[in-house]
Each structure stands twice: as C-alpha cells, then as structure tokens.
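As a plain string of letters, each chain reads:
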Amino acid sequence: MKQLITTVAGIDTGKAFLDVAILDAATGMEQASFRALNTAAGFTEVVERLSTAGVERVGIEATGGYEREAVAALGRAGLQVLVHQPLQVRLYARLKLRRAKNDRLDASIIAAFTAITEPRPKIADVTQDAVLQALHDHLVHIDDMVEDVARLKTRLEHRRDPRLITEIKDDIAALNRRIASERRQLEKEVRVHPFLARRLDLANSVPGIGKPTAVSMVIDMPELGHVSREQAAALIGLAPFDHDSGNQRGQRHIAGGRARPRSVVSRRKFVS
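If you're wondering where the values come from, they're calculated on a predicted model, not measured in any experiment.

Draft legend 1. Region of the structure containing the overall build of the protein chain. Scanning the protein chain from N- to C-terminus turns up ten helices and seven strands. Partitioning the intrachain contacts of the protein chain with sequence separation of at least 6 by distance along the chain shows that 54% fall at a separation of at least 24. Approximately 16,600 Å² of the protein chain is accessible, and the part contributed by carbon and sulfur atoms is 54%.

Draft legend 2. A look at the packing of helix H1 (residues 40–52) against helix H2 (residues 68–76). For the pair H1 and H2, the least separation of the axes is 10 Å and the interaxial angle reads 45°. Considering the angle they form, H1 stands oblique to H2. Judged by the twist between their axes, the crossing of H1 over H2 is right-handed. Listed contacts from H2 to Phe43, Val46, Val47 and Leu50 of H1 are Glu69, Ala70, Ala73 and Leu74. Looking at the contact of H1 with H2 residue by residue, the class counts come to seven nonpolar, no polar and one charged.

Draft legend 3. Expanded view of the pattern of salt bridges. All chains considered together, the criterion is met by nine salt bridges. Between aspartate 137 and arginine 68 there is a salt bridge, with its nearest N and O atoms 2.8 Å apart. Of this pair, aspartate 137 sits in helix H5 (residues 126–156) while arginine 68 sits in helix H2; the two residues are 69 residues apart in sequence, bridging distant segments of the chain. According to the relative accessible area criterion, arginine 68 is partly exposed, its value standing at 31%. Arginine 191 is paired through a salt bridge with aspartate 201; the nearest N and O atoms lie 2.9 Å apart. Linking arginine 191 in helix H6 (residues 162–191) with aspartate 201 in helix H7 (residues 194–204), this pair joins segments that are ten residues apart in sequence. Each of the salt bridges in this network shares a partner with another, and the network as a whole consists of Asp19, Arg35 and Asp103.

Draft legend 4. The arrangement of the packing of aromatic side chains in detail. Applying the stated criterion across every chain, the model contains one aromatic pair. Relative to phenylalanine 113, the ring of tyrosine 92 lies with its centre 5.4 Å away and its plane at 50°, an arrangement referred to as tilted. Pair noted here: tyrosine 92 is in helix H3 (residues 86–95) and phenylalanine 113 is in helix H4 (residues 103–116), with a separation of 21 residues, a long-range link. Sitting over the face of the ring of phenylalanine 17, arginine 35 holds its NZ or CZ atom 4.5 Å from the ring centroid.

Parameters and conventions
Residues numbered from 1 in each chain as written. Predicted model: local features only at pLDDT ≥ 70, side-chain atom pairs only at ≥ 80, totals over all residues. Heavy atoms only, no water. Helix = DSSP H or I, 4+ residues; strand = E, 2+ residues; numbered from the N terminus. Contact = heavy atoms within 4.5 Å. Areas by Shrake-Rupley, 256 points an atom, 1.4 Å probe, with all protein chains shown as cover. Axes fitted to C-alpha atoms, helices over the stretch in contact; angles between N-to-C directions. Parallel < 35°, antiparallel > 145°, perpendicular 65-115°, else oblique. Left-handed = near helix turned anticlockwise from the far one by under 90°. Nonpolar A, V, L, I, M, F, W, Y, C, P; charged D, E, K, R; others polar. Salt bridge = Lys/Arg side-chain N within 4 Å of Asp/Glu carboxyl O. Buried < 20%, exposed > 50% of the residue type's maximum accessible area, 1.4 Å probe, protein only. Phe/Tyr/Trp six-rings, centres within 6.5 Å; stacked < 30°, edge-to-face > 60°. Lys NZ or Arg CZ within 6 Å of the ring centre and 35° of its normal.

Now the structure itself:
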C-alpha cells in the first residue's frame, strides 16, 4: 500500500528568497505560507518549519540553478523533493484557471501540483546527486567554451583586417586546446566514481558514440540503465509521438526532452 501523503509544500525559488506554501493535500486548503532567504540559514528555517507542519513531500520549480542548494539541503533533511519543470507548473496553473501570478501564489500552485504528482523512482542518493551536479557544472563550462568558439568563427567571417583575423584565429586555437584539456579532465573526474565509470564504458561501447557524447549522456541522463529504451528516447526528446484524430493520421514529431543531451545527440557530435 502506498504511503498517504497528507501535507505537502511548494517552493517558488528566486535568487534571494524562497517563497513557501504548505498545503493540506486532502482538502486542497493552504495551511500556511512564508518567505525565507535562499541561503544556508534560510534552508535551516525552511526544514524546521516544514518538519513542524508534518510535511514529507516538497515540490520546487527548476529555476536555472537557483534551486540547487535548496534541493540538496531538503534532501539531506530526509524530505522527498520533486523538482518540477516550469512548463509543467504553468500548464497546471492554466488547467486550474489561475491567472493571477506572484511569488506566494506560485508557491501555492507548485504545492497543489506536487500533491497530485507521483514521484519518479529515485535513481541516485544524495551523495550521487552532489557528484552529478558538480560534473554537470563542469560539462556546462565546456559547452560554453564550445559556443564561444562558434561565435568567434562567425566573427571571423566578417573580418578583413589581417591582424584581427590572426588574433581571432589564435583565440580559437587557444580555446580548442582548453576544451580538449577540460574534456580529458572531466572524463577523469567521471571515472573516479565506479557507478559512473561502468556506465561510461557501456556508452563508449556503442558504435558511433564518441567520448564527448558518452560523457554527456552519463552525466545528464542518470536514468540510463534504469528505464526502457522507449522511456530513454522520451526523456531525451527524440521519441516521435502520435498526432492522430479520428481518421486523420498526422506526422509524428519529436519535442521537449532535456535540451543538452538532446542537442549533443541530434547534432551527432560523435567524435572521439
């Protein structure tokens, strides 16, 4: 029998503050709301107040990284944390005809959405989550440098001064050397952890998958090895979905998914 969750909380995360709403899941009535700082002291306050209210499940919206430390702190405190995508919350608010919007109301709608959302199976423990987050930050840093190279190449096309052309080419060469070095370092960091090293070796064994792609998939898709291939394709956003109605048979389209691994696979950066 599933454990009945009767009290949930929703957290709207900003750069400076956490707006928290506590909801009775059975009645849908909001029990309390408050604001805390998005700092270590604020996390302690939130955990204490949620524990006092008997909250066991917390929903929080992904906000470009501002939620990360809060999610980690809540997880360490033993709370069940569900990280929702902004689109999920917006669509739920639209379903409930909630047009008004502010931080407190956003926290309330996140709590309501959390009350009806079944948590996904936990793939990694808190320690593994921290490892994956650090590796993800390193991967983002490398991808940012790759984008910098692309911008420099575009800039190069519009320069005519030989001196400027030489400077840009030197910058591109220097960045490419840094990218290669950082990729080697990131692979070493992945292999420090046996649970990731095994997945990396398996990914590398797939024909056509080079090291950058394999490393990206291992870091950004921790569900691999725990889900079916159909589920994996849906998570990455490469599964074609039906678009039928009655006798009409529409074209199948792919959409959504995780932007970074989808970009890596769809652009076929399969180079070693």
